[in-house]
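Reading the structure
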Amino acid sequence: MSKVRVSTTINGDATAYLCDADETLLDVLRDRLGLTGAKEGCGTGDCGACSVTLDGRLVCSCLVLGAEAEGRKIGTIEGIANGDKLHPLQTKFIEFAALQCGICTPGFIVAAKALLDRNPNPTESEIRFGLAGNLCRCTGYDKIVRAVQAVAADMRRS
């Protein structure tokens with residue numbers, strides 16, 4: 001199979017890679033670029049564990065081809081923190097014990113950030129709707145929702 005050359009921006013950094021025409025963005029991120037934060041939970045876009053942003057829009061990277069990233073901006077969990085300083089969502093997920101096994105956590109944090117970027121003052125219903133594409137089998141959702149609510153409240157105070 002022929003390779004496709006892709007030039008893109010990942011977490012603010014210009015990046016180029018070669019991938020197969022039928023290779024998913026998830027596989028490119030994990031296997032070619034070493035960005036292993038996005039997880040493959042289902043491979044069918046049903047669980048959200050592989051969530052990333054593509055030009056600011058939340059997508060399941062298992063449903064996007066790596067070649068489709070040409071000229072676009074990708075945001076992954078690795079780009080959420082500012083160096084060694086955790087993003088408030090990451091801090092609140094820890095504080096509220098909104099994680100257990102960790103498979104879904106990167107996808108939830110990316111989805112929550114995308115939600116708060118669009119709507120810094122979401123209601124509980126809007127948070128639940130914004131995170132509805134992400135599944136967790138360990139924590140239940142209340143701790144996750146509370147963590148996002150706490151970040152939104154902190155953002156309003158800043």
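Preceding this section is the structure that the text describes.
Observations regarding the environment of G140
Relative to the helices and strands, G140 is located in the loop between α4 (124-130) and α5 (142-157). Taking the C-alpha atoms as reference, G140 lies 41 Å from V4; in sequence the two are 136 residues apart.

Re the layout of surface pockets
By volume, the largest pocket amounts to about 280 Å³. Taken together, 16 residues make up the lining of the largest pocket; nearest its centre are T53, I74, G75, T76 and K113. Taken together, the elements giving at least two residues each to the lining of the largest pocket come down to β5 (73-75) and α3 (105-118). No other element matches α3, which puts 4 residues into the lining of the largest pocket.

Describing the state of the cysteines
Summed over all chains, the structure comprises 0 disulfides. The thiol sulfur of C47 is not disulfide-bonded, and the nearest other cysteine sulfur, from C42, lies at 3.7 Å. For C47, a relative accessible area of 12% corresponds to the buried category. Cysteine C50 remains unbridged, with the sulfur of C62 as its closest cysteine sulfur at 3.7 Å.

Observations regarding the pairing of strand β4 (residues 57-60)
Summarising the sheet, strand β3 (residues 51-54) and β4 pair through 4 bridges and their orientation is antiparallel. Directly across from V52, in β4, lies its bridge partner V59. Counted between consecutive antiparallel strands, the loop separating β3 from β4 contains 2 residues, among which D55 sits at a positive phi close to 55 degrees.

Some thoughts on the packing of α3 against α5
Contact geometry of α3 with α5 gives a least axis separation of 11 Å together with a crossing angle of 35 degrees. Helix-helix and strand crossings are classified by hand; for α3 and α5 the assignment is right-handed. Facing F108, A112 and L116 of α3, the residues of α5 in contact are I144, V148, V151, A152 and M155. The residue inventory of the contact of α3 with α5, partitioned by class, reads 8 nonpolar, no polar and no charged.

Some words on a nonpolar patch on the surface
On the surface, L86, I94 and L99 cluster together into a nonpolar patch covering about 260 Å² of accessible area. The topology assignment puts L86 in the loop between β5 and α2 (88-95).

Considerations on the packing of α2 against α3
In contact at an axis separation of 10 Å, α2 and α3 are set at 130 degrees when each is read in the N-to-C sense. Between α2 and α3, the angle falls in the class oblique. Where α2 crosses over α3, the handedness of that crossing is right-handed. Together, L89, Q90 and F93 of α2 and T105, F108, I109, A112, K113 and L116 of α3 make up the contact between the two elements. The class makeup of the residues in the contact of α2 with α3 is 6 nonpolar, 2 polar and 1 charged.

Concerning the nonpolar core
Counting residues in each nonpolar core, the largest one holds 22 residues, and the members touching the most others are L89, F93, F108, L131, I144 and V148. Contributing elements (two or more residues each) for this core: α2, α3 and α5. Looking at this core element by element, the count peaks at 7 residues for α3. With near-sequence residues (within four places) excluded, F93 lies in contact with A98, L99, T105, F108, I109, I144, A147 and V148. Counting 19 residues, the second-largest nonpolar core is a separate cluster that includes L25, L26, V28 and L54.

A short note on α5
A rise of 1.5 Å per residue sets the reference length of α5, with its 16 residues, at 22 Å; its end C-alpha atoms lie 23 Å apart and thus fit the reference within 8%. For α5, the complete set of buried residues consists of I144, V145, A147, V148, A150, V151, A152 and A153. Where α5 is buried, its residues touch α2, α3 and α4.

Conventions and cut-offs
Residues numbered from 1 in each chain as written. Predicted model: local features only at pLDDT ≥ 70, side-chain atom pairs only at ≥ 80, totals over all residues. Heavy atoms only, no water. Helix = DSSP H or I, 4+ residues; strand = E, 2+ residues; numbered from the N terminus. 1 Å grid on protein atoms, 1.4 Å probe; cavity = no way out; pocket = protein on both sides within 12 Å on 5 of 7 lines; lining within 4 Å. Points joined across faces, edges and corners; volume = space filled by probe spheres on them. Disulfide = S-S within 2.5 Å. Buried < 20%, exposed > 50% of the residue type's maximum accessible area, 1.4 Å probe, protein only. Pairing = 2+ DSSP bridges. Axes fitted to C-alpha atoms, helices over the stretch in contact; angles between N-to-C directions. Left-handed = near helix turned anticlockwise from the far one by under 90°. Contact = heavy atoms within 4.5 Å. Nonpolar A, V, L, I, M, F, W, Y, C, P; charged D, E, K, R; others polar. Patch = residues over 30% accessible without salt bridge, like charges linked within 9 Å, V, L, I, M, F, W, Y side chains within 5 Å. Areas by Shrake-Rupley, 256 points an atom, 1.4 Å probe, with all protein chains shown as cover. Salt bridge = Lys/Arg side-chain N within 4 Å of Asp/Glu carboxyl O. Parallel < 35°, antiparallel > 145°, perpendicular 65-115°, else oblique. Core = buried A, V, L, I, M, F, W, Y, C linked by side-chain atoms within 4.5 Å. Expected span 1.5 Å × (residues − 1).

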